[in-house]
Amino acid sequence: MTENTATEKTGAELSAWTAASAILFDLDGVLTPTATVHEQAWQELFEGFLASQPNVAGYSESDYFDHIDGKPRFDGVRDFLASRGIELPEGPTDDDAANITVQGLGNRKNRIFNDIVSAGVEPFEGSVRFLEAALERGLKVAVVSSSRNAPAVLEAAGLSSLFPVVVDGVVAAREGLPGKPSPATYQYAASLLDLPTEECVVVEDAVSGVQAGDAGSFHSVIGVDRGAGRQTLLDAGATVVVNDLDELLP
């Protein structure tokens, strides 16, 4: 979507959020650039793993968007392995990161991710401006992330005090909520804000997250194109798609 001036903005773009009561933000790729850190961590994980697998196609950039992006960590492991026809033992949830199991590989990815994030995280400036505008209007806000690291990332980005409600991978597991593309985690966040889903906006950059928003009865779904592609997000159910959230500011 090309950048619009305030006078050029369409009614659909403005009403996609200004008429709502709350905004439910995905984290990685929407508020913080940690989606690229996740990509890096997944690539490092699977390039190392596939090096020991004979006659299996190597890891490519498209694998992240095709099989992993936006999903709970262990679902990403399972779906990527399935794309290569590989089956591994599940392993216990706290399996050692050195073990070749679904849980072991997922925990290894988490260790790689945390090593990178420990240096600090700078949030997207446009997203911070949009968040501040939403708060000034009196809208409620929440973070809904598949990541089990969401609180740590929010703290590293200096945003944790702005979000009284965070539904992450830990909360989803505790409450038995299926991950995206199911709308369950977003619906749960709306309930914690004491609002019907029809009054809540979903903001996502991942196809699976947009699909989650589209599958629920939400006010609208704002897609942020960080690499998935504008038309791809629209096809997945986005109401509008922007390159940066401050494009939606009046």
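Residues numbered from 1 in each chain as written. Predicted model: local features only at pLDDT ≥ 70, side-chain atom pairs only at ≥ 80, totals over all residues. Heavy atoms only, no water.

As recorded by UniProt, the Cofactor (unreviewed entry) comment attached to the chain reads in full: "Mg(2+)". Checking UniProt for the chain, the heading Sequence similarities (unreviewed entry) contains the comment "Belongs to the HAD-like hydrolase superfamily. CbbY/CbbZ/Gph/YieH family." (UniProt positions renumbered as here; feature names shortened; annotations may be inferred.)

S.K.: In this structure, what is going on with the layout of surface pockets? I would like to understand it.
M.R.: If a probe as big as a water molecule is rolled over the atoms, it shows which places are left empty. Approximately 230 Å³ is the volume attributed to the largest pocket. Looking at the largest pocket, it is lined by 16 residues, and the ones nearest its centre are Pro-72, Arg-148, Gly-169, Ala-172 and Ala-173. Elements supplying a minimum of two residues to the lining of the largest pocket: α4 (73–83) and α8 (169–175). No other element matches α4, which puts four residues into the lining of the largest pocket. The two domains that each donate at least three residues to the lining of the largest pocket are domain 1 (11–33 + 122–248) and domain 2 (37–119). (1 Å grid on protein atoms, 1.4 Å probe; cavity = no way out; pocket = protein on both sides within 12 Å on 5 of 7 lines; lining within 4 Å. Points joined across faces, edges and corners; volume = space filled by probe spheres on them. Helix = DSSP H or I, 4+ residues; strand = E, 2+ residues; numbered from the N terminus. Domains from an automatic or database assignment.)

S.K.: How should I be thinking about helix α3 (residues 61–68) in this particular structure?
M.R.: At 3.6 residues per turn, the α-helix brings residues three or four places apart onto the same side. Every buried residue of α3 is accounted for by Asp-63, Tyr-64 and Ile-68. Summarising the axial view, the buried residues of α3 lie within an arc of 105°, below the 170-degree limit, and thus occupy one face. Opposite the buried face of α3, at more than 90 degrees from it, the exposed residues are Glu-61 and Asp-66. Elements in contact with the buried residues of α3: α2 (34–50) and α4. Note on α3: the residue one or two positions beyond its end, Gly-70, has a positive phi of about 85°. (Buried < 20%, exposed > 50% of the residue type's maximum accessible area, 1.4 Å probe, protein only. Arc of directions from axis to C-beta. Contact = heavy atoms within 4.5 Å.)

S.K.: How should the packing of aromatic side chains be read in this particular structure?
M.R.: We describe a pair of aromatic rings using the distance from one ring centre to the other and the angle between the two ring planes. All told, the structure shown has nine aromatic pairs when counted by the stated rule. Aromatic pair Trp-42 and Phe-46: ring centres 5.6 Å apart, planes at 15°, arrangement stacked. Note that Trp-42 and Phe-46 are positioned in helix α2 at a spacing of four residues, about one turn of the helix. With a centroid separation of 6.2 Å and an interplanar angle of 80°, the aromatic rings of Tyr-186 and Phe-218 are classed as edge-to-face. Of this pair, Tyr-186 sits in helix α9 (residues 184–192) while Phe-218 sits in the loop between α10 (207–215) and β5 (220–224), and the two are 32 residues apart along the sequence. Judged by relative accessible area, which is 0%, Tyr-186 ranks as buried. (Phe/Tyr/Trp six-rings, centres within 6.5 Å; stacked < 30°, edge-to-face > 60°.)

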